[in-house]
Amino acid sequence: MSPALLGLHDVQKWFGGVHALKGVDFTLAAGEVHVLLGENGAGKSTLMGVLSGAIVPDAGEIRIAGEPVRFASPRDAHAAGVAMIPQELDLVPGLDIAANLFLGNEITGAGVLQGRRMRDAAQELLAKAGVALDAGLLVSSLRIGERQLVAIAKALAADARILVMDEPSAALSSVEADHLMRVVRDLKARGVGVVYISHRLEEVARIADRVTVMRDGQVVGECPPQAPQAELVRLLVGRPLSDLFPPRASRVGKPILHLHRAAFDPARPRAGWQAPRDVSLTVHEGEIVGLAGLMGVGRTELLGALYGFGAVGRWSGTVEMRGAAARLGTIGAARRAGIAYVTDDRRGTGLVLHHTVAQNTLMSIWRRVTPFGLASRGLERRRVAEAMENYDVRPRLPAAKVVNLSGGNQQKVVFAKELMNGPSLLLLDEPTRGVDVGAKTEIYRRLRGLAEQGLGVLVASSELTELLGLCDRIVVMRAGRTVHAFGADAGEDAVRAVCESGDEERAA
Ligand SMILES: Nc1ncnc2c1ncn2[C@@H]1O[C@H](COP(=O)(O)OP(=O)(O)OP(=O)(O)O)[C@@H](O)[C@H]1O
Ligand SMILES: [Mg+2]
């Protein structure tokens, strides 16, 4: 038998006192899609960091086509044919797409950068990855899902034998995710070995040749790709999980947010920023309302404009909070109105990475814990401990720097921080991106619990199954407009059809 394309043997890694990899074995064959599953903090990204040269292991061996290799840097891994789409994208926002695609591999002719050629080659790469974006756009102007697509194109540019995708679909809507599945199948047909990490279990059966589950730094089992999701979940979280979603609202109260034919006029319109143009919806006390739609229809922009984040401008039409006209448009106004916001970009806007979990958690209430300008260390400590417990932030180390937490645990810190303030309306954009299935259940349960106490929630998600399971109502958007509203009993196909169709109806 020929040796595996890739073999990782008995890999160990310590981060200070954290034993992140406890002797992991992992193999990959040419043309194989090997899905790697595991809870937040299980060690998936660390293992792939070892493979891609970003992390030097404390012990263990890497073999490529049977030959032992040693990667001291990503450059070494790259030279050996390993490419990686990291979980937290490493694109440079201030450069355009073309420059990002060729970063470190710039095309030069006679020592001069060949801008034109690079732009053309970049456009070709984008086309190959099925991405309809202009290579001249600045990465900073792209939404999260589009950045993911660019990162995928960038990895494809490397022409690798081994491609690691660390949650590549996390911010993609169903259409883009379908496309990603096709790209992966195409790579497979060309003999590329793909490691695919995802928390979206419904993807497993669609692309996996093999499934490995990690927990707590170890491989705990393999699963046939066709295994029922319940089986995957049991291996993943180590116990059966009865219900992913909590029961829906038993009753709703008065309207908190009411928009009728509301539009937002940005002071400085930006290409690609879909301003809310005609939005009608109401969020009541105790209600969780979902925003559905394809990438770019303006869900993120709607939430951002309500919170005063992402653009300066003015609302027109009816914009009411608790029955009174509200002047929203700045973060200060939003917070005074009792609005909290969890963005879809935890690195860019949600967290201060080099601060500790405790500092980040307390950020939104600093003035409240110190009512007389005096910090109460004991009270602070209690609030942080409580929040970490509530949102199951692991490891339970308030002094840990956020940058060192796993992706899913960073997201839990964002939650803890935003809800610390006791808001009356919570705006959520991709709230469970990168969060494992066990922790998702916890977050859903907690949201429902807060709603039962009178909180209203408006949540945008690219995962339709999440909206269908969680929400009391789902409002579909297209091109900055609300076009249809569904009740809790809506079927997935019906909602999907409205998201993807072009004819316009008005939301109730
Ligand atoms: N640079 C670091 N310093 C300290 N601890 C770290 C560092 N990187 C990772 N860890 C810890 O190692 C463990 C494994 O983290 P890793 O990022 O590999 O998890 P993961 O399986 O990718 O999780 P997720 O699904 O949340 O992305 C976690 O406990 C994490 O806090
Ligand atoms: Mg990870």
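Residues numbered from 1 in each chain as written. Chains lettered and ligands numbered in written order. Predicted model: local features only at pLDDT ≥ 70, side-chain atom pairs only at ≥ 80, totals over all residues. Heavy atoms only, no water.

The following threshold applies: UniProt positions are given in the numbering used here, feature names are shortened, and annotations may be inferred rather than shown by experiment.
Looking at an unreviewed UniProt entry, one finds the chain named Sugar ABC transporter ATP-binding protein and attributed to Lichenibacterium ramalinae. Among the UniProt annotations of the chain, the heading Subcellular location (unreviewed entry) holds the following wording: "Cell membrane". According to its UniProt record, the chain has this under Sequence similarities (unreviewed entry): "Belongs to the ABC transporter superfamily."

Some words on the domain arrangement of the chain
How we decide: Domain delimitation in this document rests on an assignment produced automatically or drawn from a domain database. Should any heavy atoms of two residues lie within 4.5 Å, those residues are counted as being in contact. Note on definitions: buried area is the accessible-area loss of two parts on being combined, 1.4 Å probe, summed for both. Criterion for a salt bridge: a side-chain nitrogen of Lys or Arg within 4 Å of a carboxyl oxygen of Asp or Glu. What qualifies as a polar contact is a pair of N or O atoms within 3.5 Å, subject to a donor-acceptor requirement within protein and to the restriction that residues adjacent in sequence count only when both atoms come from side chains. Strands are runs of DSSP state E lasting at least two residues, helices are runs of H or I lasting at least four, and both sets are numbered from the N terminus onward. By the convention adopted, Pro, Cys, Tyr, Trp, Phe, Met, Ile, Leu, Val and Ala count as nonpolar, Lys, Arg, Asp and Glu as charged, and the other residues, Gly among them, as polar.
In terms of domains, the chain is made up of domain 1 (6-237), domain 2 (253-338 + 423-508) and domain 3 (352-422). Centre-to-centre, using C-alpha coordinates, domain 1 lies 31 Å away from domain 2. Contact with domain 1, which involves 24 residues of that partner, is made by 19 residues of domain 2. In total, domain 1 and domain 2 occlude about 1,800 Å² of area from one another, counting both sides; carbon and sulfur atoms represent 52% of this. The largest contributions to the domain 1 side of the interface with domain 2 come from Asn40, Arg143 and His199, which together make up 29% of the buried area. Ionic pairing is found between Asp178 and Arg496, a salt bridge with its closest N-O pair at 4.0 Å. Counting every contact that joins domain 1 to domain 2 gives seven residue pairs in polar contact (both at pLDDT 80 or more). For the side of domain 1 that touches domain 2, the secondary-structure elements that each account for two or more residues are α5 (144-157), α6 (174-189) and α8 (229-237). The class makeup of the residues in the side of domain 1 that touches domain 2 is ten nonpolar, six polar and eight charged.

Some thoughts on the packing of aromatic side chains
Where we set the bar: Here a pair means two rings of Phe, Tyr or Trp (six-membered ring of Trp) with centres within 6.5 Å. Their orientation is stacked below 30 degrees between planes, edge-to-face above 60, and tilted elsewhere. Any residue under 20% of the maximum accessible area for its type is buried, any over 50% is exposed, and the rest in between are partly exposed; the area is computed with a 1.4 Å probe on protein chains only. Placement of a charge over a ring requires the Lys NZ or Arg CZ to be within 6 Å of the ring centre, with the centre-to-atom vector within 35 degrees of the ring normal.
Inspection of every chain in the model, using the stated rule, returns six aromatic pairs. Centroid distance Phe264 to Trp273: 6.0 Å. Interplanar angle 55 degrees. Geometry classified as tilted. With relative accessibility at 4%, the residue Phe264 sits in the buried group. Linked through ring pairs, Phe264, Trp273 and Trp315 together constitute an aromatic cluster. Positioned above the aromatic ring of Tyr391, the side-chain terminus of Arg446 is 5.4 Å from the ring centre.

Points about the nonpolar core
For soluble globular proteins, nonpolar side chains are generally found buried alongside one another. Here is the rule we go by: Side-chain atoms within 4.5 Å link the members of a nonpolar core, which is a set of buried Ala, Val, Leu, Ile, Met, Phe, Trp, Tyr and Cys residues.
Counting 55 residues, the largest nonpolar core has Val35, Leu37, Leu101, Met165 and Tyr196 as its most contacted members. For this core, the element with the highest residue contribution is α5, accounting for seven residues. In this view, Leu101 contacts Ala122, Leu125, Leu126, Val150, Ala153 and Lys154; residues no more than four positions away in its chain are not counted. Ranked by size, the runner-up nonpolar core spans 48 residues in total, among them Leu353, Ala358, Leu419 and Tyr444.

What to know about unusual backbone geometry
The omega torsion of the bond from Arg394 to Pro395 falls at -5 degrees, within 30 degrees of zero and hence cis. In this structure, Pro395 sits in the loop between α14 (377-390) and α15 (407-419). Backbone geometry places Asp159, a non-glycine residue, at a positive phi of 55 degrees. Residue placement: Asp159 occurs in the loop between α5 and β9 (162-166). Although it is not a glycine, Glu167 sits at a positive phi angle of roughly 55 degrees. For Glu167, the position within the fold is in the loop between β9 and α6.

Overview of the state of the cysteines
Basically, it comes down to this: In plain terms, two cysteine sulfur atoms within 2.5 Å form what is called a disulfide here.
Across all of its chains, the model carries zero disulfides by this definition. Considering cysteine sulfurs only, Cys499 is the nearest to Cys471, which forms no disulfide, with 12 Å between them.

Points about the sheet that holds strand β15 (residues 288-292)
The cut-off we apply is this: Pairing between strands is defined by DSSP: at least two bridges between the two strands are required. For helices, the axis comes from a line fit to the C-alpha atoms of the stretch in contact; other axes are also lines fit to C-alpha atoms, and the angle between any two N-to-C directions lies between 0 and 180 degrees.
Ordered by their spatial adjacency, six strands build an open sheet running β18-β19-β20-β15-β21-β22, and the pairing between neighbours is mixed. Only two strands of the sheet have a single partner each, and these edge strands are β18 (339-342) and β22 (481-487). Going from strand to strand, the sheet's axes swing by 20 degrees on average, the running direction of each strand aside. Relative to strand β20 (residues 456-460), β15 runs parallel, the two being bridged by four bridges. Each bridged residue has a counterpart across the sheet, and for Leu291 the counterpart in β20 is Ala460.

Side note on the confidence of the model for the chain
For clarity, the cut-off: The predictor attaches a confidence to each residue, called pLDDT, with possible values from 0 through 100.
Residues at a pLDDT of 70 or more form 94% of the chain, whose mean pLDDT is 88. Within the chain, helix α13 (residues 366-369) has the poorest average pLDDT of any element, 53, and strand β14 (residues 279-284) the best, 98. Note on residues 504-508: pLDDT under 50 across the span, and 17 contacts to partners over four residues away in sequence or across chains.

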